[in-house]
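# Working through the structure, step by step
For reference, the chains in residue letters:
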Amino acid sequence: MNESRDWFKTAVFYQIWVRSFKDGNGDGIGDLYGVYDKLEYLQSLGVNAIWFSPLYPSPNADYGYDISDYCNIHPEYGDLDQFQKVLDRAHELGIRVIMDLVVNHTSDEHPWFVESRKSGDNPYSDYYIWRDKPNNWSSVLEGKAWEYDESRGQYYLHLFARKQPDLNMDNPKVREEVKKILRFWLEMGVDGFREDVINFISKKEGLPNSLGILPIIGEMRYYKDGPHIHEYMQEFRDVCNEYNAVQIGEGPMTTVSSALKYLTGRRKSLDMMFSFDHMTADCLFTEYLHLPFKLVRLKKAFSKWQYSLEGKAWNTLYLENHDHPRVISRYGSEKHHRESGTMLATAYLFLKGTPFIYQGQEIGMTNIRLSSIDQYKDVSSKNNFYTYHLKDSIESRLHRIHLSSRDSSRTPVQWDGSRNAGFSEGDPWFTVNPNYVSVNVAKQDAEADSILNYYRQCIRIRQSSPALLFGEYREYYHGDPNFYVYSRSLDGETYLIICSFARERLPVILPKQFRGIRCRLILTNYPREREQGREYDLHSPGFRLYPYEAMVLRIS
Ligand code: NOJ
Ligand code: CA
């Protein structure tokens, strides 16, 4: 399907975290049978590509991000034949498919690690990072970054959970294995990869101790954008080039200048990168320190990436994925569910770049509130609960988990109002959010002004306008705490996007460039529909936006 790689610039992606997407065989676990049945739904949404979070065999210590076999499908999700069926059908429907490539680490149950831990002189001994003495690094997901292995009599490095030993990418044999994995999936016909924590795969020689006080932050300089990263990335790029495959890197803590080294120039090794700045408008890191939401922080992050990549590289646009709580619960308001869900869609779907929609986001799924830590499944949430703020009461620690847990994005997708939200006929592997009775796909499909139908509209409008796809971005009123106002312009055509993050009606004043010019209302999330397509006068005195109102205007 890949004549050219540039398709990604006009595409909208949909991320599937399969375990909670749709159970097709009644065992309570989402799978590729369920995905197959929902491909037409994805087409009806207007998306052009799927990113599958890991589908591979995995002991699920980190739900798929701990892989024990890279060239297979987890039996709970189906098999390679079923994957091929999904891939072929998706292609028939004009939907491309990218896989998650997780090669910073494997599962400790991967045969390479099983061998590696046996001794220091077998063919897999140097596939991982072994030391007689650990350094002082902490892991991102679980305790210290080193674990002692009795059989080998040494410590292995794990930047994430204990069951996720880091691969030694300096070993050329490991890089050959990565290239084999790329080829395996590319030969099956996939269109590219989302590359997990790819900026962490090259570590500084000697693995020096961190001198910083904060865990993780201090040592990150020794493994983020490490000394050989661009050489290794080039090797992988060469393989992907043979297939015109798209490569999207996940870049935790990445800065604009380090991202541009992957995205531009002769050594360009990635087509896009996921940055995280806009994910910290209400926290320090999603799982650690929660703060009140500040629109100005969000706008600053969006604008920084929009301006800095203009004419140089291409942005990814996202509000949700499997690593963050639901965005209505964070940046919007569960009370103003429909209004804030649609407004948030407007705020990011008209930016310049490639939008990603995470499963359930298109119907405005919200955070889950569980009554005990034992009901949560995520290793990171449990680590957070048992490691930080231990002097606080259980209630306040649980409240923190409620605000920050990755599990809020991992509850089953709410398909309809029947038992288990139509996700499964068996017992779902994880709690279904009780709000499924009012928040579900079937209901929203039938309601013209639902969040779901609004997403469909946004995608259609975006894809039919060169200015909205390729036009330059400009932000107005960046210090305003209530409104996010930006424009997109190309060849004399300009769109103005106005989003209110306020809970009350507030007057809006048009940026002075637009005063006195007629504006046509293209889209709004309030019952101003009758006025859509009409000349619109925002200049009338006392014009006020409703709570969480959003508008897209074409300036003529
Ligand atoms: C980023 C993934 O998105 C996350 O889910 C995972 O825990 C870490 N990388 C480690 O693989
Ligand atoms: Ca199943």
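Look a little higher up for the structure.
What comes next concerns the included structure. Predicted, not measured: the structure shown is a model, and the values here were computed from it.

## With respect to the overall build of the protein
Helix and strand counts for the protein stand at 16 helices and 19 strands. The C-alpha radius of gyration of the protein comes to 23 Å, within 12% of the 24 Å expected for a compact globule of 556 residues. Here the C-alpha coordinates of the protein stretch approximately 80 × 55 × 55 Å along the principal axes. Relative to its full complement of 556 residues, the protein shows a buried share of 62%. The contacts in the protein between residues at least 6 apart in sequence include a share of 69% that link residues at least 24 apart. In the form shown here, the protein has an accessible surface area of approximately 20900 Å², with 51% of it arising from carbon and sulfur atoms.

## Here we look at the site of ligand 1
Around ligand 1, the surrounding shell holds 13 residues, and the nearest of these are Asp62, His105, Asp196, His322 and Asp323. Take Asp323: an N or O atom from its side chain is 2.5 Å from an oxygen atom of ligand 1. Relative to its free-state accessible area of 290 Å², ligand 1 is covered by the protein chains to the extent of 97%. Its atoms largely coinciding with the cavity grid, ligand 1 occupies the largest pocket. Split by residue class, the shell around ligand 1 holds four nonpolar, two polar and seven charged.

## Looking at the coordination of the calcium ion (ligand 2)
At 2.2 to 2.3 Å from the calcium ion (ligand 2) lie its protein donor atoms, namely Asp23 (OD), Asn25 (OD1), Asp27 (OD), Ile29 (O) and Asp31 (OD). Relative accessible area serves as the criterion here: at 10%, Ile29 is assigned to the buried category. Relative accessible area serves as the criterion here: at 0%, Asp31 is assigned to the buried category.

## So, helix H7 (residues 229–242)
With 14 residues, H7 extends 21 Å from end C-alpha to end C-alpha; this agrees with the ideal 20 Å at 1.5 Å per step. Positioned one or two residues after H7, Asn244 has a phi angle of 55 degrees, which is positive.

## Description of the packing of aromatic side chains
Under the defined criterion, the tally for this structure stands at 40 aromatic pairs. Arranged with centres 5.3 Å apart and planes meeting at 80 degrees, the rings of Tyr41 and Trp415 form a pair that is edge-to-face. Taken together, the positions of Tyr41 in helix H2 (residues 39–45) and Trp415 in the loop between helix H13 (394–404) and helix H14 (441–446) put the pair 374 residues apart, joining distant regions of the chain. Judged by its relative accessible area of 4%, Trp415 is buried. When the centroid spacing of 5.1 Å and the interplanar angle of 85 degrees are considered together, the rings of Phe385 and Tyr386 count as edge-to-face. We classify Phe385 as buried; its relative accessible area is 4%.

## Comments concerning the nonpolar core
Among the nonpolar cores identified, the biggest contains 143 residues, and Phe52, Phe83, Trp185 and Tyr484 are the most heavily contacted of them. In this structure Tyr484 touches Leu295, Lys299, Phe302, Ala347, Leu351, Tyr473, Glu475, Ile497, Ile498, Cys499 and Phe501, once residues within four positions along its chain are discounted. Residues Val140, Phe160, Leu207 and Ile216 belong to the second largest nonpolar core, which totals 19 residues.

## Looking at empty space enclosed by the protein
Using the criterion set out here, one finds five cavities of 30 Å³ or more in the structure. Considering only enclosed or pocket space, the largest cavity measures out at about 100 Å³ in volume. The wall of the largest cavity is formed by Ser275, His278, Ala301, Phe302, Trp305, Gln306, Asn315, Thr316, Leu317, Tyr318 and Leu351. Elements with a minimum of two residues in the lining of the largest cavity: helix H9 (295–309) and strand E10 (316–317). Tallying contributions element by element places H9 first for the lining of the largest cavity, with four residues. Here the lining of the largest cavity is composed, by residue class, of six nonpolar, five polar and no charged. In this model, the second largest cavity occupies a volume close to 50 Å³. Along its surface, the second largest cavity is lined by Gln306, Leu309, Glu310, Gly311, Ala313, Trp314, Asn315 and Lys352. Looking at the lining of the second largest cavity residue by residue, the classes come out as three nonpolar, three polar and two charged.

## Re the sheet that holds strand E5 (residues 146–149)
The three strands lie next to each other as E4-E6-E5, forming an open sheet whose pairing is antiparallel. Both edges of this open sheet fall to strand E4 (130–131) and E5, since each of them pairs with a single strand only. Pairing geometry for E5 and strand E6 (residues 154–157), over four bridges, is antiparallel. Each bridged residue has a counterpart across the sheet, and for Trp146 the counterpart in E6 is Leu157.

## A look at the layout of surface pockets
Empty space within the largest pocket amounts to approximately 900 Å³. In terms of lining residues, the largest pocket is bounded by 41 residues, among which Pro252, Met253, Phe276, Phe285 and His324 are the most central. Secondary-structure elements contributing two or more residues to the lining of the largest pocket are helix H6 (217–220) and H9. When residues of the lining of the largest pocket are assigned to their parent elements, the largest contribution, five residues, is made by H9.

## Things to note about the sheet that holds strand E2 (residues 49–52)
Strand order in the open sheet formed by eight strands is E9-E8-E7-E3-E2-E1-E11-E10, with parallel pairing between adjacent strands. Bordering the open sheet on either side are strand E9 (272–274) and E10, each of which pairs with just one other strand. Pairing of strand E3 (residues 96–101) with strand E7 (residues 192–195), which is carried by four bridges, proceeds in the parallel orientation. Along E7, the bridge assignment pairs Met99 with Phe193.

## Description of the environment of Ser53
With respect to the helices and strands, Ser53 occurs in the loop between E2 and helix H3 (80–92). Ser53 gets classed as buried once you look at its relative accessible area, which sits at 1%. In the structure, Ser53 is positioned 74 residues away from Tyr127 in sequence and 24 Å away in space, judged by C-alpha atoms. If near-sequence neighbours (up to four positions away) are discounted, Ser53 is found in contact with Gln15, Ile16, Trp17, Tyr65, Asp100 and His322.

## Considering the pairing of E2
Put simply, side chains in a regular strand alternate between the two faces of the sheet. Of the two faces of E2, the one holding Ala49 and Trp51 and the one holding Ile50 and Phe52 are both buried throughout. Two elements, strand E1 (residues 13–16) and E2, share four bridges in a ladder whose sense is parallel. The residue bridging Gln15 from the neighbouring strand is Trp51, located in E2. Direction of pairing for E2 relative to E3: parallel, over a ladder of four bridges. Bridge pairing in E3 links Trp51 to Ile98. Tracing the backbone out of E2, into H3 and back to the parallel element E3 gives a crossover that is right-handed.

Procedures and definitions
Residues numbered from 1 in each chain as written. Chains lettered and ligands numbered in written order. Predicted model: local features only at pLDDT ≥ 70, side-chain atom pairs only at ≥ 80, totals over all residues. Heavy atoms only, no water. Helix = DSSP H or I, 4+ residues; strand = E, 2+ residues; numbered from the N terminus. Rg over C-alpha atoms; globule rule 2.2 N^0.38 Å. Buried < 20%, exposed > 50% of the residue type's maximum accessible area, 1.4 Å probe, protein only. Contact = heavy atoms within 4.5 Å. Areas by Shrake-Rupley, 256 points an atom, 1.4 Å probe, with all protein chains shown as cover. Near = heavy atom within 4 Å. Polar contact = N/O pair within 3.5 Å; in protein donor to acceptor, adjacent residues only side chain to side chain. 1 Å grid on protein atoms, 1.4 Å probe; cavity = no way out; pocket = protein on both sides within 12 Å on 5 of 7 lines; lining within 4 Å. Sits in = over half its atoms within 2 Å of the grid points. Nonpolar A, V, L, I, M, F, W, Y, C, P; charged D, E, K, R; others polar. Donors = N, O, S within 2.8 Å, 3.2 Å for Na, K, Ca; no water. Expected span 1.5 Å × (residues − 1). Phe/Tyr/Trp six-rings, centres within 6.5 Å; stacked < 30°, edge-to-face > 60°. Core = buried A, V, L, I, M, F, W, Y, C linked by side-chain atoms within 4.5 Å. Points joined across faces, edges and corners; volume = space filled by probe spheres on them. Pairing = 2+ DSSP bridges. Right-handed = clockwise from strand over helix to strand, strands pointing away.

Don't take any of this as a statement about function, it's just geometry.
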